[in-house]
Amino acid sequence: MTSVVRTLPSTDTDPALRVVVVNGSPSRPSKTMGLVSAVLDTLGGMLPVEVSRIDVYRLGPGFTGTIERDEAPADVEAKLRLAEEADLLIAAVPVYRGSYPGMFKHFFDLVDQYALANKPVLLAATGGGDHHALVLEHALRPLFAFFQALTVPVAFFASAGDFDGTTLLNPRVHGRIEVGLADVVDLLRARATGRPQAHAEVPRPAQLLH
């Protein structure tokens, strides 16, 4: 299900950044989305944002039964295009067995191979302890490198002890979020300002199609 999380009005000089969160957590509420909420609160204080969320565990049997993109039902196709056309993609997961959940991977198995090229992608993950933080560099970053996405240099991780319920409390994590976003806010603002008015198809080399 896709839902608008936060909308701040755009201005003539600073249009709203279209942020799409791909949420890989099966829980509702979740610590993963608690971390994302902290990211969105900080980002929303820096520039106008318009946020949508895709909960991969709520997409239903039409999604789980889709093997090839051209088989996707209309509602699943709409979610895939929403992610592909974002100005900023936030990929957020809980750590399972040292990696991201299978439903999260299945979603990106259906994303067009070229749709995320040069797109800013922010990585966020939660886990039971700090040792799970390596999932950001060893699993998530290589996934988006395949898509030739522009992953934000600073990724965000929070462990179970950083939360009260699903609310992120650890000031160290909040500080990392502030520093990480401050480093890329100009890039993101330029992304919103310079985006094309209509989605343009990316040329695909015929020999790579299958």
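Our structure is the block above this text.
Computed from a predicted structure; not experimentally measured.

Cut-off values and rules
- Residues numbered from 1 in each chain as written.
- Predicted model: local features only at pLDDT ≥ 70, side-chain atom pairs only at ≥ 80, totals over all residues.
- Heavy atoms only, no water.
- Core = buried A, V, L, I, M, F, W, Y, C linked by side-chain atoms within 4.5 Å.
- Buried < 20%, exposed > 50% of the residue type's maximum accessible area, 1.4 Å probe, protein only.
- Helix = DSSP H or I, 4+ residues; strand = E, 2+ residues; numbered from the N terminus.
- Contact = heavy atoms within 4.5 Å.
- Pairing = 2+ DSSP bridges.
- Right-handed = clockwise from strand over helix to strand, strands pointing away.
- Expected span 1.5 Å × (residues − 1).
- Bend = angle between axes of the 7 residues up to and from the residue.
- Polar contact = N/O pair within 3.5 Å; in protein donor to acceptor, adjacent residues only side chain to side chain.
- Axes fitted to C-alpha atoms, helices over the stretch in contact; angles between N-to-C directions.
- Parallel < 35°, antiparallel > 145°, perpendicular 65-115°, else oblique.
- Left-handed = near helix turned anticlockwise from the far one by under 90°.
- Nonpolar A, V, L, I, M, F, W, Y, C, P; charged D, E, K, R; others polar.

Caption draft 1: Region of interest: the nonpolar core. Judged by nonpolar contacts, the single largest core of 35 residues is most densely connected at Leu89, Phe104, Phe107, Phe108, Leu140 and Phe144. When residues of this core are traced back to their parent elements, those giving at least two are β2 (17-23), α3 (74-84), β4 (88-94), α4 (102-110), β5 (120-127) and α5 (135-146). When residues in this core are grouped by element, the largest group, 6 residues, is from α5. When near neighbours in sequence (up to four residues on either side) are disregarded, Phe108 contacts Val22, Leu89, Leu116, Phe144 and Phe147. Leu17, Leu47, Val49 and Val154 belong to the second largest nonpolar core, which has 31 residues in total.

Caption draft 2: Focus on the pairing of β5. Among the 8 residues in β5, 8 count as buried, and that is most of the element. The pairing of β4 with β5 spans 6 bridges and is parallel. Looking across to β5, one finds that Val93 is bridged to Ala125. A crossover connection joins β4 to the parallel β5 through α4; in handedness this β-α-β unit is right-handed.

Caption draft 3: Expanded view of helix α6 (residues 171-194). If you check α6, its first and last C-alpha atoms are 34 Å apart, about what 24 residues at 1.5 Å a residue would give, namely 34 Å. Val184 marks where α6 bends most, by close to 50 degrees. For α6, the set of buried residues is Val173, Ile177, Gly180, Leu181, Val184, Val185, Leu188 and Ala192. Tucked inside the fold, the buried residues of α6 contact β2, α1 (31-44), β4, β5, β7 (156-159) and β9 (167-168). With a side-chain oxygen positioned 2.8 Å from the backbone nitrogen of Arg172, the residue opening α6 is Asn170.

Caption draft 4: Expanded view of the packing of α1 against α6. The contact between α1 and α6 brings their axes to 9 Å, and the two run at 50 degrees. One element, α1, and the other, α6, form an angle in the oblique class. With respect to the hand of their crossing, α1 and α6 are arranged in right-handed fashion. Of the residues in α6, those touching α1 at Leu35, Ala38, Val39, Thr42 and Leu43 are Val173, His174, Ile177, Glu178, Leu181 and Leu188. Here the contact of α1 with α6 is built from residues that sort into 8 nonpolar, 2 polar and 1 charged.

Caption draft 5: Fine view of the packing of α4 against α5. For the pair α4 and α5, interaxial distance at closest approach is 11 Å and the crossing angle is 10 degrees. When the axis of α4 is compared with that of α5, the two are roughly parallel. On α5, the residues touching Phe104, Lys105 and Phe108 of α4 are Leu140, Leu143 and Phe144.

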